[in-house]
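What follows is each chain in one-letter form.
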Amino acid sequence: GIQVEQSPPDLILQEGANSTLRCNFSDSVNNLQWFHQNPWGQLINLFYIPSGTKQNGRLSATTVATERYSLLYISSSQTTDSGVYFCAVANDYKLSFGAGTTVTVRA
Amino acid sequence: EAGVTQFPSHSVIEKGQTVTLRCDPISGHDNLYWYRRVMGKEIKFLLHFVKESKQDESGMPNNRFLAERTGGTYSTLKVQPAELEDSGVYFCASSQIPVNRNEQFFGPGTRLTVL
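### A short note on the overall build of chain B
Part 1: Tallying secondary structure elements over chain B gives 0 helices and 11 strands in all.
Part 2: In sequence order, chain B lays out its α and β elements as β-β-β-β-β-β-β-β-β-β-β.
Part 3: Seen through its principal axes, chain B has C-alpha atoms that stretch 40 × 25 × 25 Å.
Part 4: Within chain B, the proportion of its 115 residues that are buried is 48%.
Part 5: Long-range pairs, those at least 24 residues apart, make up 53% of the contacts in chain B with a sequence separation of at least 6.
Part 6: On chain B, roughly 5,700 Å² of surface is accessible, and the fraction owed to carbon and sulfur atoms is 48%.
Part 7: Of the side chains in chain B, 13 bear a positive and 13 a negative charge, and the two mean positions are spaced by 3 Å.

### Some remarks on the interface of chain B and chain A
You'll often see interface size given as the accessible area lost when the parts meet.
Part 1: Listed per partner, the contact involves 20 residues of chain B and 17 residues of chain A.
Part 2: The junction of chain B with chain A conceals about 1,700 Å² of combined surface from both sides, 55% of it contributed by carbon and sulfur atoms.
Part 3: Taken together, the links from chain B to chain A amount to 1 salt bridge.
Part 4: Across the salt bridge formed by D56(B) and K94(A), the nearest N and O atoms sit 3.3 Å from each other.
Part 5: Inspection of the chain B/chain A interface yields 8 residue pairs in polar contact (both at pLDDT 80 or more).
Part 6: Among the elements that make up the side of chain B that touches chain A, the one with the highest residue count is strand β4 (residues 31-37) of chain B (3 residues).
Part 7: Here the residues of the side of chain B that touches chain A are counted per class, giving 9 nonpolar, 6 polar and 5 charged.

### Things to note about the state of the cysteines
Part 1: What the rule picks out here adds up to 2 disulfides over all chains.
Part 2: Across the disulfide, C23(A) is cross-linked to C87(A) (sulfur-sulfur distance 2.0 Å). As the torsion about the S-S bond is roughly -60°, the C23(A)-C87(A) disulfide counts as left-handed. A residue pair is termed long-range when its members are at least 10 positions apart, and C23(A) in strand β3 (residues 19-25) and C87(A) in strand β9 (residues 83-90) qualify at 64 residues.
Part 3: A disulfide bridge connects C23(B) with C92(B), and the sulfur atoms are separated by 1.8 Å. Note on the C23(B) and C92(B) pair: the S-S dihedral is about -60°, so by sign convention the disulfide is left-handed. Remark: C92(B) occurs in strand β9 (residues 88-95) and C23(B) occurs in strand β3 (residues 19-24); sequence separation between them is 69 residues. Of the two residues, C23(B) and C92(B), both sit in the buried class.

### Overview of the packing of aromatic side chains
Part 1: What the rule picks out here adds up to 11 aromatic pairs over all chains.
Part 2: Pairing F86(A) with F97(A) gives two aromatic rings, centres 6.2 Å apart and planes at 80°, and the pair type is edge-to-face. Within this pair, whereas F86(A) is found in strand β9, its partner F97(A) is found in strand β10 (residues 96-97), the two being separated by 11 residues in sequence. Grouping residues by exposure puts F86(A) and F97(A) together as buried.
Part 3: Ring centres of F97(A) and Y35(B) lie 5.9 Å apart, and the angle between their planes is 80°; this geometry places the pair in the edge-to-face category. Of the two residues, F97(A) is situated in strand β10 and Y35(B) in strand β4; the pairing between them involves two chains.

### Concerning the layout of surface pockets
Part 1: Of the pockets and cavities examined, the largest pocket occupies roughly 420 Å³.
Part 2: The wall of the largest pocket is formed by 22 residues, among which G1(A), I2(A), S96(A), F97(A) and K44(B) lie closest to the centre.
Part 3: Elements with a minimum of two residues in the lining of the largest pocket: β1 (4-7) and β10 of chain A together with β5 (44-50) of chain B.
Part 4: Ranked by residue count, the leading element in the lining of the largest pocket is β1(A), at 3 residues.
Part 5: Split into classes, the residues belonging to the lining of the largest pocket amount to 9 nonpolar, 8 polar and 5 charged.

Cut-offs and rules
- Residues numbered from 1 in each chain as written.
- Chains lettered and ligands numbered in written order.
- Predicted model: local features only at pLDDT ≥ 70, side-chain atom pairs only at ≥ 80, totals over all residues.
- Heavy atoms only, no water.
- Helix = DSSP H or I, 4+ residues; strand = E, 2+ residues; numbered from the N terminus.
- Buried < 20%, exposed > 50% of the residue type's maximum accessible area, 1.4 Å probe, protein only.
- Contact = heavy atoms within 4.5 Å.
- Areas by Shrake-Rupley, 256 points an atom, 1.4 Å probe, with all protein chains shown as cover.
- Lys, Arg positive; Asp, Glu negative; His and termini not counted.
- Charge placed at Lys NZ, Arg CZ, Asp CG, Glu CD.
- Buried area = accessible area lost by both parts, 1.4 Å probe.
- Salt bridge = Lys/Arg side-chain N within 4 Å of Asp/Glu carboxyl O.
- Polar contact = N/O pair within 3.5 Å; in protein donor to acceptor, adjacent residues only side chain to side chain.
- Nonpolar A, V, L, I, M, F, W, Y, C, P; charged D, E, K, R; others polar.
- Disulfide = S-S within 2.5 Å.
- Phe/Tyr/Trp six-rings, centres within 6.5 Å; stacked < 30°, edge-to-face > 60°.
- 1 Å grid on protein atoms, 1.4 Å probe; cavity = no way out; pocket = protein on both sides within 12 Å on 5 of 7 lines; lining within 4 Å.
- Points joined across faces, edges and corners; volume = space filled by probe spheres on them.

Take it as geometry only, folks, not as evidence of what the structure does.
The following block contains the structure:
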């Protein structure tokens, strides 16, 4: 399967700070998704972004498919942004997940 | 539109017992997937249905696991007999066809604890 590496593994932020999460993957993909796992364990879809750039409120994401990486930007972080952020990719239908980045936003 | 739902949210069973997990996909989604996360490891693919047909069950760990999708609607995942290493969170996801726009939507998961 496709190897997915996320960095950093852990991130501690002060409320209001900006941050960048990175996802590297080992093969070409036709699907790349970013998820936020909330404290109740639910995986919330953030972006479907196999290429290009998208923005949704304070979050944005960029995927450079030719260089096999994606970035998730969090701006003006809030305590509700805390949780684990997963990147998942596929070149068919089977998503391969990274280990996640655990984000803690302190008030 | 209702999202993917899973039942139960949490199950605690003894080793050797049987457990059946249920997933209801988003209405109209022909693709249904099972994934699981065990022992703090990465979330791993188990299998994929298109309507009622199993397309790929290469991720199923062994023959103690049986998945069905009767009538191409909801799906069940049965573990019989359960072992300690089966403990973890089982996620179900669904997506529309065509597969080249395969954004998958996940349910809340079922946390399985085998004692």
